[in-house]
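Structural overview for review
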Protein chains: 2
Amino acid sequence: MSILVVGSVALDDVETPFGKRTSALGGAAVYFGLAASYFTDVRIVGVVGTDFPQPHLDLLANRGIDLRGLQVREGATFRWGGRYGYDLNARETTFTDLNVFAEFNPTIPEEYRATENVFLANIAPSLQLNVLDQMTAPQSAALDTMDFWIEGTPDELRRVLERVDIVLINDSETRELAQEPNIRTAANSILGWGPQLLVVKKGEHGAIAFANDWLFAVPGLPLETIVDPTGAGDSFAGGFLGYLAATGEITPEGIRRAAIYGSAMGSFCCEAFSVDRLAHLEPAQIDTRFREFEHLTRFDYEPLLQDA
Amino acid sequence: MSILVVGSVALDDVETPFGKRTSALGGAAVYFGLAASYFTDVRIVGVVGTDFPQPHLDLLANRGIDLRGLQVREGATFRWGGRYGYDLNARETTFTDLNVFAEFNPTIPEEYRATENVFLANIAPSLQLNVLDQMTAPQSAALDTMDFWIEGTPDELRRVLERVDIVLINDSETRELAQEPNIRTAANSILGWGPQLLVVKKGEHGAIAFANDWLFAVPGLPLETIVDPTGAGDSFAGGFLGYLAATGEITPEGIRRAAIYGSAMGSFCCEAFSVDRLAHLEPAQIDTRFREFEHLTRFDYEPLLQDA
């Protein structure tokens, strides 16, 4: 099955302790789409300005990504700037120029409307609802969101949450959304609103998938090289949802594997600036990374000592 | 094999979003000793004042802990106060009254000196060295430390690090000790100084064990009830080192299991104030918790899709 992603396509200025890049290819739909493209057919709905470089479009097209839903509008592309400190866990947004993204109103092309899987990246909940209304046969819908919408438009957000199957957000967003400090209690609240699955992304600390009666956690893989974590969460979502769309296996076993593939794609993303690593992978490298997570986490049960 | 722990025995005032306790049993040697007592024989070296309540001593003795090395000095017991905020990850120390602990100079009783395993809890590196000098046949020595010693007495700390086999510290301490933001690179530096194993404790995010040519990560178990995280790191260390001392199995497989037992004991510690949960467990409960970590982390490999 194919997957449709609706979200930002951007030019990023990023500074980390390891260097800086200006006007680099970025945006949630880009990271998500590239990561998912290793698993299934991807369709992007987004907007760029007339300044958007053709090589960036070529790179996406070369990964087989369908760009018919990417509007080109008169004006400048969405630009975002960020700076990371010493341990890369905290980042500061240095600027946000929405440009043509400010009036983004996602129109789903006719030929996209029957796409079975949809990922609503972090955009206004009212636009996320608008997208869902245009889809004719969604089998699985997922969303990301952020504190800005949790605080600013909670009612609209709640309405989208009632209509999606999978929520992918980070741990502070989980706590804020549920207004509950205990992450497990918070997850239960959110699952009570409609979604079947909540995936809590924790950056270098891994991820936890919460379903109604089970949960799965994967630790972060401690990478030898971390250059730029921008886009890692969207890359995780791309690997996770791309794998599920490809297999159609929405079972506990399938979801567990999807979380490993998501973690693998998130880890590759961090190893270079922009999409430099994510866009140029071989399936064998993804397979090897999956295996690294296996070695990282495996242990064997032995009963507790009898004489303890 | 037995294990000897040298560290604080304290009376704690703790406040969390779930309540508060005053003059509660605490201290690194107490949490460590109770956790380790489910696996092996434990000997404590520490100091308390004449105000230390007899029921606390009885509780430790009832768990089979050998208290012959616990000095009772004229004066007040070490007291510590802490307050936790909303998500329990950050805590503020409200006071530290060292009292009799200020002049603590660990003298290892004659009958303890041949103990095979030693855990040097977070005390001055010079005292940690002093303890190692008194041991006659240590097979495995482990230490904890903190930013205060990393910044204040780096040379003494480095000398102890060269003489221990296992280091158990948290992630920010790991980065600070190695002066390196990348956790994997930092771990490699620290292992280069002498220890065979570095265990990085990450609180609710789990733990990572780094050896020279392999690593193991366990995520935190998202608990339904978290009341008070005080002592969770020392409880982790007690489960981890207690299991290793009991089995003598310092192999990758044994260390992986030890990290799960450590995580189990850390998780129990958080479920109640002070040692209220940690001191009253049945082996079957520990076994069940181990199994919960298995369910939490298991996934099966399947090759990446051929047509991806």
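In this report, we go over the structure that sits alongside the text. Computed from a predicted model, the values in this text were never measured in an experiment. (Residues numbered from 1 in each chain as written. Chains lettered and ligands numbered in written order. Predicted model: local features only at pLDDT ≥ 70, side-chain atom pairs only at ≥ 80, totals over all residues.)

Some remarks on the overall build of chain A
What counts, and what does not: The numbering of helices and of strands both runs from the N terminus, where a helix is a DSSP run of H or I of at least 4 residues and a strand a run of E of at least 2. The globule rule is 2.2 Å times the number of residues to the power 0.38, and the radius of gyration it is compared with is taken over C-alpha atoms. Remark: C-beta atoms are placed from the backbone, and a residue is labelled buried if 20 or more other C-beta atoms sit within 10 Å of its own, exposed if 12 or fewer do, or partly exposed between those counts.
A count of helical and extended segments in chain A gives 10 helices and 13 strands. For 308 residues, the compact-globule estimate of 2.2 N^0.38 gives 19 Å, and chain A sits close to it at 19 Å. The buried share of chain A, reckoned over its 308 residues, is 52%.

Observations regarding the sheet that holds strand E6 (residues 79-84) of chain A
Residue and element names in this part refer to chain A. Definition in use: A pair of strands counts as paired when DSSP detects no fewer than two bridges linking them. An axis is simply a line fitted to the C-alpha atoms; with a helix, the fit covers only the stretch in contact. Between two such axes, the angle follows the N-to-C directions and lies from 0 to 180 degrees.
The strand order E3-E2-E6-E7 describes an open sheet built from four strands, whose pairing is mixed. With one partner strand each, in any of the chains shown, strand E3 (19-26) and strand E7 (91-97) form the two edges of the open sheet. The mean inter-strand angle of the sheet, taken between neighbouring strand axes irrespective of direction, is 15°.

A short note on helix H1 (residues 28-36) of chain A
Of all nine residues in H1 of chain A, nine are buried, a share of seventy percent or more. Within the sequence span of H1 of chain A, burial applies to Ala28, Ala29, Val30, Tyr31, Phe32, Gly33, Leu34, Ala35 and Ala36 of chain A.

Considering unusual backbone geometry
A positive phi is found at Ser23 of chain A, a non-glycine position, where the angle reads about 50°. For Ser23 of chain A, the position within the fold is in strand E3.

Things to note about the sheet that holds strand E10 (residues 166-170) of chain A
All names here are of chain A. On the basis of which strands lie adjacent, the open sheet formed by nine strands has the order E5-E4-E1-E8-E9-E10-E11-E12-E13 and mixed pairing. In this open sheet, the two strands that pair with only one neighbour each are strand E5 (66-73) and strand E13 (215-218). Strand after strand, the sheet turns through a mean of 15° between neighbouring axes, direction not considered. Across four bridges, the pairing between strand E11 (residues 197-201) and strand E12 (residues 207-210) is antiparallel.

Concerning the relation of the copies chain B and chain A
Selection rule: Superposition of the copies used a least-squares fit over C-alpha atoms from residues whose pLDDT is at least 70 in both.
Rotating chain B by 180° about the axis while translating it 0.0 Å along that axis superimposes it on chain A, leaving an RMSD of 0.0 Å. One copy is carried onto the other by what is essentially a two-fold rotation axis. Minimal C-alpha separation from the rotation axis in chain B is found for Pro219 of chain B, amounting to 2.5 Å.

Focus: the environment of Thr94 of chain B
Residue and element names in this part refer to chain B. Convention followed: In this description, a residue-residue contact is defined by the distance between C-beta atoms placed from the backbone, which must lie within 7 Å.
Its location among the elements puts Thr94 in strand E7 (residues 91-97). A tally of 12 C-beta atoms within 10 Å means that Thr94 is categorised as exposed. When the C-alpha positions of Thr94 and Asp287 are compared, they lie 36 Å apart, and in sequence the two are 193 residues distant. Apart from the residues within four sequence positions on either side, Thr94 is in contact with Gly81, Gly82 and Arg83.

Considering the interface of chain B and chain A
Put simply, the test is: Three classes are used: nonpolar for Ala, Val, Leu, Ile, Met, Phe, Trp, Tyr, Cys and Pro, charged for Asp, Glu, Lys and Arg, and polar for all others, with Gly counted as polar.
Contacts between the two partners involve 46 residues from chain B, matched on the other side by 46 residues from chain A. Breaking the side of chain B that touches chain A down by element, the ones donating at least two residues are helix H7 (183-192), strand E13 (215-218), helix H9 (252-270) and helix H10 (283-297) of chain B. No other element matches H10 of chain B, which puts eight residues into the side of chain B that touches chain A. Its residues placed into classes, the side of chain B that touches chain A shows 28 nonpolar, five polar and 13 charged.

Here's the deal with the packing of helix H6 (residues 171-178) of chain A against helix H7 (residues 183-192) of chain A
Residue and element names in this part refer to chain A. Counted only if it meets this: Angles below 35 degrees are treated as roughly parallel, those above 145 as roughly antiparallel, those between 65 and 115 as roughly perpendicular, and all remaining angles as oblique. Crossing handedness is read from the near helix: turned anticlockwise from the far helix by less than a right angle, it gives a left-handed crossing, and turned clockwise, a right-handed one.
At a minimum axis separation of 9 Å, H6 and H7 run at an interaxial angle of 60°. The pairing of H6 with H7 is recorded here as oblique in orientation. The chirality of how H6 crosses H7 is left-handed. For the pair H6 and H7, contact is made by Asp171, Thr174, Arg175, Leu177 and Ala178 and by Ile183, Ala186, Ala187, Ser189 and Ile190, respectively. Residue composition of the contact of H6 with H7, by class: six nonpolar, two polar and two charged.

Things to note about helix H8 (residues 232-247) of chain B
Side chains of residues three or four places apart in an α-helix project in the same direction, reflecting 3.6 residues per turn. All names here are of chain B. Put simply, the test is: Multiplying 1.5 Å by the helix residue count minus one yields the expected span of that helix.
Between the first and last C-alpha of H8 there are 22 Å, a value that for 16 residues agrees with the 22 Å anticipated at 1.5 Å per step. Burial within H8 is extensive, with 15 of its 16 residues counted as buried. Residue Gly248 follows H8 closely and has a positive phi angle near 65°.

Description of the environment of Arg68 of chain A
Residues and elements named next belong to chain A. Counting through the fold element by element, Arg68 comes out in strand E5. On the basis of neighbour counts, which here come to 12 C-beta atoms within 10 Å, the residue Arg68 falls in the exposed class. Separated by 23 residues in the primary sequence, Arg68 and Val45 place their C-alpha atoms 7.8 Å from one another. In contact with Arg68, not counting residues within four places along its chain, are Pro109 and Glu111.

Looking at the pairing of strand E6 (residues 79-84) of chain B
On a regular strand, one side chain projects to one face of the sheet and the next to the other, so that they alternate. Residue and element names in this part refer to chain B. Judged from the five bridges that link them, strand E2 (residues 10-16) and E6 form a sheet pairing that is parallel. Within E6, the position partnered with Asp12 by the bridge is Trp80. Here six bridges tie E6 to E7, and the two strands are oriented antiparallel to one another. Residue pairing for E7: Arg79 is matched across the bridge by Asp97. Linking two consecutive strands that pair antiparallel, namely E6 and E7, is a turn of six residues; a positive phi of about 65° is found at Leu88 within it.

Things to note about the pairing of strand E3 (residues 19-26) of chain B
All names here are of chain B. Strand direction decides the pairing type here: E2 and E3, joined by six bridges, are antiparallel. Within the sheet, the bridge partner assigned to Thr16 lies in E3 and is Gly19. Hairpin connection of E2 to E3: two residues between the antiparallel strands.

Digging into the packing of helix H3 (residues 125-134) of chain A against helix H5 (residues 154-161) of chain A
When two helices pack together, their arrangement is given by the angle between the helix axes and by the axis-to-axis distance. Residues and elements named next belong to chain A. Here H3 crosses H5 at 30°, and the two axes come no closer than 8 Å. Compared by their axis directions, H3 and H5 come out roughly parallel. Seen from above, H3 lies across H5 with left-handed handedness. Facing H3, whose interface residues are Pro125, Ser126, Gln128 and Leu129, H5 presents Glu156, Leu157, Arg159 and Val160.

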